[in-house]
Structures are given as structure tokens and as C-alpha cells.
Amino acid sequence: MTISLAVANQKGGVGKTTSAVNIAALLAERGHSVLLFDLDPQCNATSGLGISTSSQGDSGGETTESAGDIFDLFVGNLSLDSLIVPTNVENLWLVPSSKDLVSLEAEIGKLAGRELILKTQSKLLKRDFEFVIFDCPPSSGLLTLNALGAANRVLIPLQAEYYALEGLSGLIATIDFVKNTYNPEIEIFGVFMTMFDGRTNLANQVRREAENFFGAAMLKTAVPRSVKLSEAPSHGLPISAYDPTGVGSAAYRGIVEEILNKLSGQSALPMAANG
Ligand code: ATP
Ligand code: MG
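The structure displayed is predicted, hence computed values, not measured ones. (Residues numbered from 1 in each chain as written. Chains lettered and ligands numbered in written order. Predicted model: local features only at pLDDT ≥ 70, side-chain atom pairs only at ≥ 80, totals over all residues. Heavy atoms only, no water.)

**Points about the overall build of the protein chain**
Then, number 1: Each helix and strand counted, the protein chain has 13 helices and 9 strands in total.
Then, number 2: The C-alpha atoms of the protein chain give 17 Å as radius of gyration, which agrees with the globular expectation for 275 residues (19 Å, within 12%).
Then, number 3: Its C-alpha atoms put the protein chain at 50 × 40 × 40 Å along the principal axes.
Then, number 4: Buried residues in the protein chain amount to 55% of all 275 residues.
Then, number 5: Surface summary for the protein chain: the accessible area is close to 11,800 Å², and the carbon and sulfur share equals 52%.
Then, number 6: Taken together, the 20 basic and 29 acidic charged side chains of the protein chain have centroids lying 5 Å from each other. (Helix = DSSP H or I, 4+ residues; strand = E, 2+ residues; numbered from the N terminus. Rg over C-alpha atoms; globule rule 2.2 N^0.38 Å. Buried < 20%, exposed > 50% of the residue type's maximum accessible area, 1.4 Å probe, protein only. Areas by Shrake-Rupley, 256 points an atom, 1.4 Å probe, with all protein chains shown as cover. Lys, Arg positive; Asp, Glu negative; His and termini not counted. Charge placed at Lys NZ, Arg CZ, Asp CG, Glu CD.)

**Describing the site of ligand 1**
Then, number 1: Close to ligand 1 lie 18 residues, the nearest being Lys16, Thr17, Thr18, Pro224 and Ser226.
Then, number 2: One of the backbone N or O atoms of threonine 17 is found 2.8 Å from an oxygen atom in ligand 1.
Then, number 3: Within the backbone of proline 224, an N or O atom sits 2.9 Å from a nitrogen atom of ligand 1.
Then, number 4: A total of 630 Å² of accessible area belongs to ligand 1 in isolation, and the protein chains cover 81% of it.
Then, number 5: Listed by contribution, the elements that provide at least two residues to the shell around ligand 1 are α1 (16–29) and α10 (227–231).
Then, number 6: A total of 3 residues in the shell around ligand 1 trace back to one element, the largest contributor, which is α1.
Then, number 7: Considering only residue class, the shell around ligand 1 consists of 6 nonpolar, 8 polar and 4 charged. (Near = heavy atom within 4 Å. Polar contact = N/O pair within 3.5 Å; in protein donor to acceptor, adjacent residues only side chain to side chain. Nonpolar A, V, L, I, M, F, W, Y, C, P; charged D, E, K, R; others polar.)

**Describing the pattern of salt bridges**
Then, number 1: As enumerated under the stated definition, the model contains 5 salt bridges in all.
Then, number 2: Among the ionic pairs, glutamate 161 bridges to lysine 11, the shortest N-O distance being 3.4 Å. Here glutamate 161, found in the loop between β8 (153–159) and α8 (169–181), pairs with lysine 11, found in the loop between β1 (3–7) and α1; they are 150 residues apart in sequence, far enough to count as distant.
Then, number 3: Residue lysine 11 is classed as partly exposed on the basis of its relative accessible area of 38%.
Then, number 4: For glutamate 187, the salt bridge goes to arginine 153, with nearest N and O atoms at 3.8 Å. Within this pair, whereas glutamate 187 is found in strand β9 (residues 187–194), its partner arginine 153 is found in strand β8, the two being separated by 34 residues in sequence.
Then, number 5: You can call glutamate 187 partly exposed: its relative accessible area is 29%.
Then, number 6: Among the residues examined, arginine 153 registers a relative accessible area of 8% and is labelled buried. (Salt bridge = Lys/Arg side-chain N within 4 Å of Asp/Glu carboxyl O.)

**Concerning the packing of aromatic side chains**
Geometry of an aromatic ring pair is reported as the spacing of the ring centres plus the angle between the planes.
Then, number 1: This model, assessed by the stated rule, comprises 4 aromatic pairs.
Then, number 2: Where phenylalanine 177 meets tyrosine 182, the ring centres are 6.4 Å apart and the plane angle is 80°; that geometry is what we call edge-to-face.
Then, number 3: A relative accessible area of 44% places phenylalanine 177 in the partly exposed class.
Then, number 4: We classify tyrosine 182 as buried; its relative accessible area is 13%.
Then, number 5: Plain terms: the ring middles of phenylalanine 213 and phenylalanine 214 are 4.9 Å apart, the flat faces sit at 80° to each other, and that makes the pair edge-to-face.
Then, number 6: With a relative accessible area of 54%, phenylalanine 213 lands in the exposed category.
Then, number 7: Here the basic side chain of lysine 262 rests over the ring of phenylalanine 189, its NZ or CZ set 4.9 Å away from the ring centre. (Phe/Tyr/Trp six-rings, centres within 6.5 Å; stacked < 30°, edge-to-face > 60°. Lys NZ or Arg CZ within 6 Å of the ring centre and 35° of its normal.)

On their own, these measurements won't tell you what the molecule is for.
Written out as C-alpha cells, the structure reads:
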């Protein structure tokens, strides 16, 4: 069975994309086949992997040979298989995003079953991936609802700041709603601190509060603030390629290790499942 992880937090700028790209790349580095979905009209995951599509606009980088982008999937023009492009990272493929996604709500916002498009299309996928990762936009709109419908687990990056947990109540309510309506499988699987500075009281306090609140879902690894992590996307590279021996790589390796350990504890690892 494919493990599908939605990286979500309604709050902007907490490290969703950085985490989605780097976790995806490190899983791929370990030999797992990974498909990353960029579900954000900002296209940060797409450009961060050095890929540009015509509908994504200006930025340089390699133009993909994909037939289109994720917008075409949602409006029913193209199949998921035709949208998948390879990246510079072996074993890592991408479904690129598009600026057109900003108008998605207007386009299909009244359609019955609109939250289930991604799930339905994913089931039609002919290619097989061990991991599917969804990089969600900072909202609880249609794109996040689709990711939560198609995923079976949620990863929540958390930035240490006042109201970090209060801000999560909306996300948790959204996950509960999805679980109770159209995706009973969905669970909060991993919560981790990003841009973490262990020298400050605030950071440690938020971490303790998150541990109390999320219990076993809280990961031990915290991602520190690292300039290299913020530079890597402008080179179109994940941190494992841009700065393989730095603290950012080490942190995301730790997160991936914890994810894999948790999955093998749940007997859910694709490798284990396949013998
Ligand atoms: P959005 O909600 O807009 O999609 P996001 O939650 O995806 O944002 P990112 O884009 O991953 O967040 O990160 C926000 C900014 O912080 C980016 O400029 C990114 O490079 C930077 N950043 C993320 N993680 C770190 C880190 N550990 N150290 C330093 N900078 C970081
Ligand atoms: Mg993002």
C-alpha cells in the first residue's frame, strides 16, 4: 500500500514546503519511490526543485515536458499519469503546480464531490509509488481538503511562536471534519518543530505544549533555523543535495528516520509490506 502524507498547516510560512520537499528527497535518497504533489498556487515546491512550467510563469530552471499541471487534473482535462515529471533527484517525481490554481475555487467550487477529485484521480494512477507527499497551501480551502481526502496521514510542521497551537485548532477541526465525512483513514501522524531555536524559552515552551497536546504524534527531531535550508530552493535543490552534511540535512534525516520507524511500528512500511 502506498503511504500518503499531507504536509499541512493553515498558518503560512511555517516550513510546509521546505519539509515536504526535503522529506520527499530524503525518502527518495533511501531508495523509496516518491511522488510529490505541489498543491500550492505559489508553486514553491515546483520551483524549489528547479522545475518550471509554462503556467507557472517567469522563473528560470528546466521547463518540464509534462503535458500540463495540477490545474488540468482538477478541471478534468488531463490524467495524473500525464502530469508526472522527473526531478534531479533519483526516485523523486513531481506533479507541478500552477498559478492557475488560485482560480480553482471559482472554477469547481460548486461541483459535487469537489473534495474527492485528488483521491479519485490518485486511484486511477497507473504508476506505483511507495510514498506520495502533498505540499498543502496555507489555507483550509479546496486544495487542502483534497489533500486530506487523498492522504492517509498528516504531517504538521510547527513554528515556535506565541499562538502556534491556538492557530492549529482550525487545522485539527478540518482534519476531524474530513475524517468524519469522506476519509475515515486520515490521522495526525507526525508533528515537528521547524526553525527551532532551543536557546529560547519560548521555543522550548511551545515544544512542551505541543508534546502534551499531540502525545505520540510529536516527533523528537526539531528542525533548526538554517540559512542553507532557505538557500537550497533558489538552487533548485533539496538540502540533501545542496548541503548534504549540514544541520538542515541532519535534521530532515532524523525526521525521515522517525517517520520510517513509526511506519514499521505500524507494519505499514511499503518495503516491509512487500516482503
Ligand atoms: P507557505 O504557507 O507560504 O506555503 P510554508 O509553510 O510552505 O509557507 P516554507 O516556504 O517552507 O513555509 O518556509 C517559509 C520560509 O522560511 C521560506 O523562505 C523558507 O526558505 C524558510 N525556512 C523554512 N524552514 C527553515 C529553516 N529550518 N531555517 C531557515 N529558514 C527556513
Ligand atoms: Mg509552502
